[in-house]
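Each chain, letter by letter, is given below.
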Amino acid sequence: MTTADRSGRPESRQPVSDLYDVINRRRDVRSEFTGETIDSEVLYRVLGAAHSAPSVGLSQPWDFVLVRDEATRRAFREHVLAERSVFAAELSGERARTFSKIKVEGIVESSLGITVTYDPERGSPDVLGRHAIADAGLYSVCLAIQNLWLAATAEGLGVGWVSFYREEFLRRLLDIPSGVRPVAWLCIGPVRELAETPDLERHGWRNRLRLEDVVHDGKYRHDFTR
Ligand SMILES: Cc1cc2nc3c(=O)[nH]c(=O)nc-3n(C[C@H](O)[C@H](O)[C@H](O)COP(=O)(O)O)c2cc1C
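Worth saying up front: this structure is predicted, and the values here are computed from it rather than measured.

Calculation criteria
Position numbers for residues count from 1 along each chain, tracking the sequence in the order it is written. Local features in this predicted model are restricted to residues whose pLDDT is 70 or higher, and side-chain atom pairs enter the listing and the counts only when it is 80 or higher, whereas totals over whole chains, interfaces and linings include all residues. Hydrogens and water molecules were not included; the side-chain quantities draw on all heavy atoms of the structure. Only when DSSP finds a minimum of two bridges between them are two strands counted as paired. Numbering of helices and strands runs from the N terminus; a helix is a DSSP stretch of H or I covering at least four residues, while a strand is a stretch of E covering at least two. Each axis is a line fitted through C-alpha atoms, taken for helices only over the stretch in contact, and angles between the N-to-C directions span 0 to 180 degrees. In this description, contact between two residues means that some pair of their heavy atoms is separated by no more than 4.5 Å. Between buried and exposed lies partly exposed: a residue is buried under 20% and exposed over 50% of the maximum accessible area for its type, with that area taken using a 1.4 Å probe on protein chains only. Working definition: residue near molecule or strand if any one of its non-hydrogen atoms lies within 4 Å of it. Polar contacts, as counted here, are pairs of nitrogen or oxygen atoms within 3.5 Å of one another; within protein the pair requires one atom able to donate a hydrogen and one able to accept it, and residues that are adjacent in sequence qualify only if both atoms are side-chain atoms. Calculation of accessible area relied on Shrake-Rupley with a 1.4 Å probe; when residues are assessed, cover is drawn exclusively from the protein chains displayed. Under the scheme applied here, ten amino acids are nonpolar (Ala, Val, Leu, Ile, Met, Phe, Trp, Tyr, Cys and Pro), four are charged (Asp, Glu, Lys and Arg), and all others, including Gly, are polar.

**Focus: the sheet that holds strand 1 (residues 62–67)**
Link 1 in the chain: Read from one edge to the other, the open sheet built from four strands follows the order 1-2-4-3, with strand pairing classed as antiparallel. Either end of the sheet is taken by a strand with one partner, and the two such strands are strand 1 and strand 3 (157–162). Between one strand axis and the next, the sheet turns by 25° as a mean value, whatever way the strands run.
Link 2 in the chain: When strand 3 meets strand 4 (residues 181–190), the two strands line up antiparallel, connected through six bridges. Counted as the bridge partner of Gly158 is Gly189 from strand 4.
Link 3 in the chain: Across the face of the sheet, helix 5 (residues 136–154) comes into contact with strand 1, strand 2 (112–118), strand 3 and strand 4 while running at roughly 0° to strand 4.

Okay, structure coming up:
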């Protein structure tokens, strides 16, 4: 049942401004972590939000590996920095100069690492809705990550997604079974602030696109720049 507000509009038609506020405040964090401990009730609320995500065929193909151990985090950071160099070596000129100023992780400065994994075998073989699009399982994990990211923002925490790694390295580091894919290493914890502008925009790497450039009406337009 819906109730009406004072303007007479049904309440269900009102935008939930808190949600939009959280969506707009969310940032990818690398430099602003304080390193303070995350309250475990808060952490489990955030993980609960991730675990409430939609998933293809209700397969819930995600797992969350909480990495507190400093030596493990340092080992991962070493690997990420090596991969950063691999990418940097592919760049030249202005791209190389701009990238050299960009921090790509906050693995040790954050309070906790969370590796989110994808298990394609969960709920198999009859995963309802995945027979034609195998990636639908992976999409489900990304939705769990986005839920986690937004819930963490609502709790006043920052999150940074790290993807500068080889899956095999992380699999070995955390003892992840061979068929299970590590999808993300998330740096999470209290932050000094959330920046208003994405780091990559601030550093001149790339700008956000305008909404009208990515909305296509009826058929796909081919007149926009990538
Ligand atoms: C799949 C994925 C992988 C990412 N990998 C990295 C990464 O390795 N390092 C990093 O600093 N940021 C990473 N990011 C964060 C993006 O750079 C960031 O989301 C983007 O620049 C927009 O900024 P915002 O999240 O603050 O809006 C990743 C984001 C996504 C969704």
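**Quick notes on unusual backbone geometry**
Link 1 in the chain: In this chain, Ser124 is followed by Pro125 through a cis amide linkage whose omega measures 5°.
Link 2 in the chain: By the element assignment, Pro125 lies in the loop between strand 2 and helix 5.
Link 3 in the chain: Not every positive phi belongs to a glycine, and Leu58 is a case in point at roughly 55°.
Link 4 in the chain: Of the residues examined, Leu58 reaches a relative accessible area of 64% and is grouped as exposed.
Link 5 in the chain: Backbone geometry at Gln60 places phi at a positive 45°, although glycine is not the residue there.
Link 6 in the chain: Among the structural elements, Gln60 can be located in the loop between helix 2 (40–51) and strand 1.
Link 7 in the chain: We classify Gln60 as partly exposed; its relative accessible area is 27%.

**So, the site of the ligand**
Link 1 in the chain: Taken together, the residues surrounding the ligand are Arg26, Arg27, Asp28, Arg30, Lys103, Val104, Trp161, Val162, Ser163, Phe164, Pro198 and Leu200.
Link 2 in the chain: A distance of 3.3 Å separates a nitrogen atom of the ligand from a polar atom in the backbone of Trp161.
Link 3 in the chain: Computed on the free molecule, the ligand has an accessible area of 620 Å², of which 72% lies beneath the protein chains in the complex.
Link 4 in the chain: Residues of the shell around the ligand, tallied by class, amount to six nonpolar, one polar and five charged.

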